[in-house]
Structure formats: structure tokens, C-alpha cells
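# Survey of secondary and tertiary structure
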Amino acid sequence: LEKIYTGGKMNFECEKVFHIYSRTNTKDELLFREKDNYLFFLKRYRTFLTPVFQTLCYCLIPNHYHLLIKVKNKEHIFKYQKSKNYKYANNELKINNFIQQQVANFHISYAKAFNKKYNRRGSLFQSKPKAKEITDLNFLLRSSRYIHRNPIKHGLIKQLENWEYSSYLDYAELRNDTIPEKEFVLSHFSSVQDFINFTNMDPDNYCDEFEI
């Protein structure tokens, strides 16, 4: 089984925003080898994490991923827990444990399918996915820019609209997927074009800590 980190830095609280990021166990190994892998990853994400997270933005890169999420309110999470017959449903003290387990189940589900498809053995993900709480609006908006620009940073594309596996296409109104919930981020821009201009600005170095 995947060894998933379930303590320490990941401390999820309802209605708080986090930047979550993780990569493969070894940096030169791929998390996504072909298009079907990206699509399956998002399918598993919908199953395990959209019930507990509002997804502000995301980006999938061949050997890692970035998520900017807001934890849903406790009433929503309690309702989901009851639907899954969770032993500690309605226990606020157990919400963090429950969400961490959802993240673990998400990784395990993807890794099992990936290993089976490619006749692979061993852990796929780095043992410690990281979750950075975002408490400042400016930092949140710059985090969205950093995440959406990741394919350019890694030399995969030159134009953001050419990367299929991020929420940028949805923000730029080039696609209408249901995973990203765009309203909060876009509410801080005068228009979609204003958001596009901001995202296409030369990046700063504020997110060096997110190097994985």
C-alpha cells in the first residue's frame, strides 16, 4: 500500500484554504505517462476529494500535481460522512483525520490502478504530500498564478492555453469543466481578461518554497 503522511503539517480546518502538492516517489519517475492517466487521476479526485474540498484551481504535471483548495463547511462534510457511514460523523475533532484519510484513499486508489496498468511495484507518491495554509488574499491569488503557470515553468509549453491538464482553460473560458469553482478567485478581478493578464505576468519568486 502507498505510505501516506497523516500527521504534522497537514492540519485541515473547515473553510480554510490550502495549497496541496505532491510528486512521485523519485523525481525522475512519471506520475502521468499518457492522457488516460491524467483523466483517471481527475476521476479519482472527483470521487474522494470534491466531497470535502472546493477546488479553486489545479495543475497536473508529468511527475507532480498542485491543488489550491478550500475545505468545505462542517455541515457539508458531516452530511458526506453520514452517507459513507463514517464512525465519527458529526465529530468536529475528527474532521482533520477524516480529510487526511480521504487524501490517503485518493492516492492509494490512483497508485493501485497505475501499478496494475504498468505492471509496476512499490510506492508511487512521495511519502509526505504537503499542505500549506493560505491566509492572505494576495498570497492566494499569486498561488493561483504559480499553479497555472507551472507547465511553462517546467518547459512543457509556451502558452498557458496549450496545457490541457489544469484549470486555466476553465478560467479563460476555453472549457467548462465542473471541478474548478472559479467564482471566488474571479471575484477579485474586474474581468476574465484581467485574470488572464495577471496569470500571464512574469512570475515572482514568492513560491520557491513550493519546489518539489
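Further up the page is the structure itself.
In short, a report on the structure. Computed from a prediction, not measured in an experiment: that's the story for all the values here.

## Brief notes about the overall build of the protein
Scanning the protein from N- to C-terminus turns up 8 helices and 4 strands. Sequence-ordered secondary structure for the protein, helices as α and strands as β, is β-α-β-β-α-α-β-α-α-α-α-α. Over its C-alpha atoms the protein spans a radius of gyration of 17 Å, differing by no more than 12% from the 17 Å that the globule rule assigns to 212 residues. The principal-axis extents of the C-alpha atoms in the protein amount to approximately 45 × 40 × 30 Å. Considering the protein as a whole, with its 212 residues, one finds that 50% of them fall into the buried category. Summarising the internal contacts of the protein: among those between residues at least 6 apart in sequence, 71% fall at separations of at least 24.

## Structural notes on the environment of H154
Along the chain, the position of H154 falls in the loop between α5 (150–153) and α6 (168–171). For the pair formed by H154 and I61, sequence separation is 93 residues and the distance between their alpha carbons is 8.5 Å. Those residues within four positions of H154 in sequence are excluded, and the remaining contacts are I61 and H64.

## Thoughts on helix α1 (residues 35–48)
Since the α-helix turns once every 3.6 residues, residues separated by three or four places project in the same direction. The terminal C-alpha atoms of α1 lie 20 Å apart, and with 14 residues this matches the ideal 20 Å at 1.5 Å per residue to within 8%. Among the residues of α1, N37, Y38, F41, L42, R44, Y45 and F48 are the ones counted as buried. Viewed along the axis of α1, the buried residues span an arc of 160°, placing them on a single side of the element. The elements touched by buried residues of α1 are β2 (53–61), β3 (64–71) and α3 (95–117).

## Details of the sheet that holds strand β4 (residues 130–134)
The strand order across the open sheet formed by 4 strands is β2-β3-β1-β4, and the pairing between neighbours is antiparallel. Sheet topology places β2 and β4 at the edges, where each strand pairs with a single neighbour. Going across the sheet, the axis of each strand differs from the next one's by a mean of 15°, ignoring polarity. For β2 and β3, the ladder comprises 8 bridges, and the chain directions are antiparallel. Considered in β3, the bridge of T55 is made with I69. Most of the contacts of α1 go to β2, to which it runs at about 165°, and overall it touches β2 and β3.

## Considerations on the packing of α1 against α3
Their axes nearest at 9 Å, the elements α1 and α3 cross at an angle of 150°. Between α1 and α3, the angle is such that the two are roughly antiparallel. Regarding α1 and α3, the two cross each other, and that crossing is right-handed. Facing α1, whose interface residues are N37, F40, F41, R44, Y45 and F48, α3 presents Q102, N105, F106, S109, Y110, A113, F114 and K117.

## Considering the pattern of salt bridges
Enumeration according to the criterion identifies 7 salt bridges in this entry. With its nearest N and O atoms 3.2 Å apart, the salt bridge here joins K16 to E13. Judged by relative accessible area, which is 35%, E13 ranks as partly exposed. In this structure, E133 and K16 form a salt bridge, with 3.8 Å as the shortest nitrogen-oxygen distance. Of the two residues, E133 is situated in strand β4 and K16 in the segment before β1 (17–23); the sequence distance between them amounts to 117 residues. Taking relative accessible area as the criterion, E133 reaches 31% and is therefore assigned partly exposed.

Reading guide: rules and limits
Residues numbered from 1 in each chain as written. Predicted model: local features only at pLDDT ≥ 70, side-chain atom pairs only at ≥ 80, totals over all residues. Heavy atoms only, no water. Helix = DSSP H or I, 4+ residues; strand = E, 2+ residues; numbered from the N terminus. Rg over C-alpha atoms; globule rule 2.2 N^0.38 Å. Buried < 20%, exposed > 50% of the residue type's maximum accessible area, 1.4 Å probe, protein only. Contact = heavy atoms within 4.5 Å. Expected span 1.5 Å × (residues − 1). Arc of directions from axis to C-beta. Pairing = 2+ DSSP bridges. Axes fitted to C-alpha atoms, helices over the stretch in contact; angles between N-to-C directions. Parallel < 35°, antiparallel > 145°, perpendicular 65-115°, else oblique. Left-handed = near helix turned anticlockwise from the far one by under 90°. Salt bridge = Lys/Arg side-chain N within 4 Å of Asp/Glu carboxyl O.

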